[in-house]
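Structure at a glance
Residue-level listing of the chains:
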There are 2 protein chains.
Amino acid sequence: MKQIRLGIAGCGIATRKLHLPALRELQDLFCVTALYNRTQTKAEALAETITSSPKIYNDFEKMLYSGEIDAVDISLAPELNFEFISKSIAAGIDVICEKPISINTAEGKKIVELAEGSDKVVYIAENLRHAARFKRASEVLQSGAVGQPCFATWQSWVNMSRSNEYVSTPWRKDPSHVGGYLSDGGVHHIAAIRTLVGDIDSVSAFAQMRSDYLGAEDTMACIMTTKSSSLVSYSVSYALHPCETVVKVIGPDGCILIGDSAVTVMKGEHEESYSVPPENTYKKEFADFYETLLGAKNLLGSPRSALKDLAVIEASLLSSKTGRTVPIDSLL
Amino acid sequence: MKQIRLGIAGCGIATRKLHLPALRELQDLFCVTALYNRTQTKAEALAETITSSPKIYNDFEKMLYSGEIDAVDISLAPELNFEFISKSIAAGIDVICEKPISINTAEGKKIVELAEGSDKVVYIAENLRHAARFKRASEVLQSGAVGQPCFATWQSWVNMSRSNEYVSTPWRKDPSHVGGYLSDGGVHHIAAIRTLVGDIDSVSAFAQMRSDYLGAEDTMACIMTTKSSSLVSYSVSYALHPCETVVKVIGPDGCILIGDSAVTVMKGEHEESYSVPPENTYKKEFADFYETLLGAKNLLGSPRSALKDLAVIEASLLSSKTGRTVPIDSLL
């Protein structure tokens, strides 16, 4: 099994808390050989926690052309994604890049074009596309257990308090990505919703800014129609008291509740639960990235799919501003 | 205590199953002295179940001018409300009339004008405005327990099956009231939502017809803003598998769950429940109607309030057709 030599760009929270722990469990697949950060001291500090002792760079292109990496993990402020992905592809280096694909769909489309015009892999890491609970629920739906899905509801109430580590990230404080947390967190939710009920057709939304420190709209009531004529209601806030996330898909013959650790199918009095063991979805996304490097089709890390996730959020914000229903395809 | 002599117009499900059982428990307040129905035999059959042996009429105005009634309970197809309320007021008879106020806001406004220009009581019976769980939740919200409400979510999944008694009502099969069940059932939900978070400012919605026998759109994803800048997400279907109705109001400091038998306030780990004993909300609405006949202000049966409930549903359907956010005031 060929071990991929991986360079990592960015030493922020995603790298430290999400990617490196996953890569530590995938040492047969990846070896972190290089670490880029604009501020070199940050990279040096982080490198000390990595057993493979990666070489430090504060010049991204030097890392790309070092001959020491086969692939790069881009985990930077999303406004840098286009530039860093372009440079990587130009250097013949395969890419895995943390979601969101970009700060808006205009720039996201350029990444999709780049990726689709290149023979290098561009894999957008969206961990919820790998989450067993949504894949299991999707299988149950496709088995026809509750009939053709008609209505999905998603409620996420996250409290990004002032003391939250993410909240102090400079690029999150003054976001150039559309809707701040609404897209930063929202693309995850839309990815999962699309896993359940397929592509979104159009969207209407009301977005509000409730907090005075999250940098953009942070609360949204949103409704969608899907290409297959389901309805979706998506309610989210990053500024309210945290409550349980509730996800439900309803068909003519029953409904499916998707919880963190179980998928429950309810049909009248009959109830059946499938337990979903704890899992590291970041590990799964890196393992899947590895498969695409070996030639597997890039289904779960497809830039076009990531663009569709982002487009739903951007369309929602546009709808909120204009008071009109926005077709998703108008942004793609 | 003066007993009100009540004439009832209509012998349908609402009269039989909702109003008469309530009136049976309020015999110190009301005596059913007359019963009108277009088809006299139906009235005769129903009269046999009423201990006060009401006189039967198949001419509404004859009942109004009989000298045998002080007030009338109008429980007919809503398309008849304007005509029957007008005639009652003209005859100097106080009115309680089953919701929805009318088939659409244009006609509803005429009823509001009539009522507000008359010294007779016109009381629109909306039982959910009397439900203890919403009143209790409203008190908790007003006490500031979770801070200023920011977001309310309401999901109702009702399965009006082909065999349902309501479904076979002729005026429900071929509804002249906007959106069929969406307004017939929906005004209840909006009344409760308004009890919780106040008047609605604007609405966006997607409505669909899922069944082939409910006569109109039967499924809707809807979002609202309130006059006090809360968001509301309202999801409803009369054609899908029945699931639990879930009502939640979220503030900056916690959230309130409103169930059939309890109101639960959740603040972090802290949870407090207020139990709501079973109650007959129809009995409460008739008792309240009685108070307004004695001179109390008509707060819970106000035609203007009932019009606002209906306007939210009509605006939702208009939004679904036009792809635009609809301000509620544009219909009032």
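Note that the coordinates shown come from a computational prediction; the quantities given were computed from them, not determined experimentally.

**Structural notes on helix H9 (residues 186-197) of chain B**
Note that an α-helix has 3.6 residues per turn; residues three or four places apart therefore point the same way. Residues and elements named next belong to chain B. Over its twelve residues, H9 runs 16 Å from end to end, which matches the ideal 16 Å to within 8%, given 1.5 Å per residue. Burial analysis of H9 places eleven of its twelve residues in the buried class, which makes it a mostly covered element. All of the buried residues along H9 are Gly-186, Val-187, His-188, His-189, Ile-190, Ala-191, Ala-192, Ile-193, Arg-194, Leu-196 and Val-197. Remark: Gly-198 follows H9 within two positions and exhibits a positive phi of approximately 85 degrees.

**Some remarks on the sheet that holds strand E1 (residues 4-9) of chain A**
Pairing between the strands of a sheet comes from backbone hydrogen bonds, and it takes one of two forms, parallel or antiparallel. All names here are of chain A. Ordered in space as E3-E2-E1-E4-E5-E6, the six strands form an open sheet in which the pairing is parallel. Two strands lie at the open edges of the sheet, namely strand E3 (55-57) and strand E6 (122-125), each paired on one side alone. Pairwise comparison of adjacent strand axes, ignoring direction, gives a mean angle of 25 degrees for this sheet. Here E1 runs beside strand E2 (residues 30-36); their pairing, made up of six bridges, is parallel. In the strand pairing of E2, Gly-7 is matched with Ala-34. Taken strand by strand, helix H2 (residues 40-47) contacts E2 and E3, and its axis lies near 160 degrees from that of E3.

**Considerations on the interface of chain A and chain B**
Accessible area lost on assembly of the parts is the figure often given for the size of an interface. Taken together, the 44 residues of chain A in the interface contact 44 residues of chain B. Both faces combined, the contact of chain A with chain B buries some 3300 Å², and carbon together with sulfur accounts for 64% of it. Among the residues chain A hides against chain B, the three largest losses belong to Phe-206, Ile-223 and His-241 of chain A. Together they make up 21% of the total. Between chain A and chain B we count zero salt bridges in total. Where chain A meets chain B, there are eleven residue pairs in polar contact (both at pLDDT 80 or more). Grouping the amino acids of the side of chain A that touches chain B by side-chain chemistry returns 21 nonpolar, 17 polar and six charged.

**Here we look at the packing of helix H5 (residues 105-116) of chain A against helix H11 (residues 303-322) of chain A**
Each pair of packed helices can be described by the angle between their axes along with the distance between the axes. Residues and elements named next belong to chain A. Viewed as axis vectors pointing N to C, H5 and H11 meet at an angle of 170 degrees, and their least axial separation amounts to 9 Å. Taken together, the axis directions place H5 and H11 in an arrangement best described as roughly antiparallel. Only Pro-303, Arg-304, Leu-307, Leu-310, Ala-311 and Glu-314 of H11 make contact with H5, whose side of the interface consists of Thr-105, Gly-108, Lys-109, Val-112, Ala-115 and Glu-116. Broken down by class, the residue content of the contact of H5 with H11 amounts to six nonpolar, two polar and four charged.

**Quick look at the relation of the copies chain A and chain B**
Overlaying chain A with chain B gives an RMSD of 0.0 Å, the required rotation being 180 degrees about an axis along which the chain moves by 0.0 Å. Interpreted geometrically, this transformation is the action of a two-fold axis. It is Arg-324 of chain A whose C-alpha, among those of chain A, lies nearest the rotation axis, at 2.2 Å. A shared binding surface is used by both copies, with 100% of the interface residues of chain A retained as interface residues in chain B.

**Examining the domain arrangement of chain A**
Residues and elements named next belong to chain A. What the domain assignment lists for chain A is domain 1 (4-126) and domain 2 (129-282 + 309-331). Taking only C-alpha atoms, the centre of domain 1 and the centre of domain 2 are 27 Å apart. For the pair domain 1 and domain 2, the two sides together bury roughly 1900 Å², of which 56% comes from carbon and sulfur. Of all residues in domain 1, Ile-13, Thr-105 and Glu-126 bury the most surface against domain 2, accounting for 35% of the area lost on that side. Our enumeration of links across domain 1 and domain 2 arrives at three salt bridges. Lys-99 is paired through a salt bridge with Asp-184; the nearest N and O atoms lie 2.9 Å apart. Joining domain 1 to domain 2, the criterion identifies ten residue pairs in polar contact (both at pLDDT 80 or more). Elements with a contribution of two residues or more to the side of domain 1 that touches domain 2: helix H1 (13-24) and H5. Broken down by class, the residue content of the side of domain 1 that touches domain 2 amounts to ten nonpolar, three polar and seven charged.

**What about the environment of Leu-46 of chain B?**
For Leu-46 of chain B, the location among the structural elements is in helix H2 (residues 40-47). Remark: the alpha-carbon pair of Leu-46 of chain B and Thr-15 of chain B, spanning 31 residues in sequence, is separated by 9.4 Å.

Rules used throughout
Every chain is numbered independently, its residues counted from 1 as its sequence is written. Following the order in which they are written, the chains are lettered starting with A and the ligands numbered starting with 1. It should be noted that, the model being predicted, local features are given only for residues of pLDDT at least 70 and side-chain atom pairs only at 80 or more, the latter also being counted only at that level, while totals for whole chains, interfaces and linings use all residues. Water and hydrogen atoms were dropped before computing side-chain values, which therefore reflect all heavy atoms in the structure. In this description a helix means any DSSP run of H or I spanning at least four residues, a strand means any run of E spanning at least two, and both kinds are numbered starting from the N terminus. One fewer than the residue count of a helix, multiplied by 1.5 Å, yields its expected span. For the exposure calls, accessible area comes from a 1.4 Å probe over protein chains only, and a residue counts as buried if that area is under 20% of its type's maximum, exposed if over 50%, partly exposed in between. Paired strands, in this sense, are two strands between which DSSP finds at least two bridges. Between N-to-C directions, angles span 0 to 180 degrees; the directions come from axes that are lines fitted to C-alpha atoms, helices contributing only their stretch in contact. Only heavy atoms enter the contact rule, under which two residues are in contact if any of them lie within 4.5 Å. Summed over both partners, the accessible area lost on bringing two parts together, with a 1.4 Å probe, is the buried area. Salt bridge, as used here: a side-chain nitrogen of Lys or Arg that lies within 4 Å of a carboxyl oxygen of Asp or Glu. Whenever two N or O atoms come within 3.5 Å, that pair is a polar contact, provided that in protein one can donate a hydrogen and the other can accept it, and provided that, for residues adjacent in sequence, both atoms are side-chain atoms. Under the grouping applied here, Gly and all other residues not named as nonpolar or charged are polar, the nonpolar ones being Ala, Val, Leu, Ile, Met, Phe, Trp, Tyr, Cys and Pro and the charged ones Asp, Glu, Lys and Arg. Note on terminology: angles under 35 degrees are roughly parallel, angles over 145 are roughly antiparallel, angles of 65 to 115 are roughly perpendicular, and the others are oblique. Least-squares superposition of the copies uses the C-alpha atoms of those residues scoring a pLDDT of at least 70 in each of them. Segment limits for the domains were obtained from an automatic or database-derived domain assignment.

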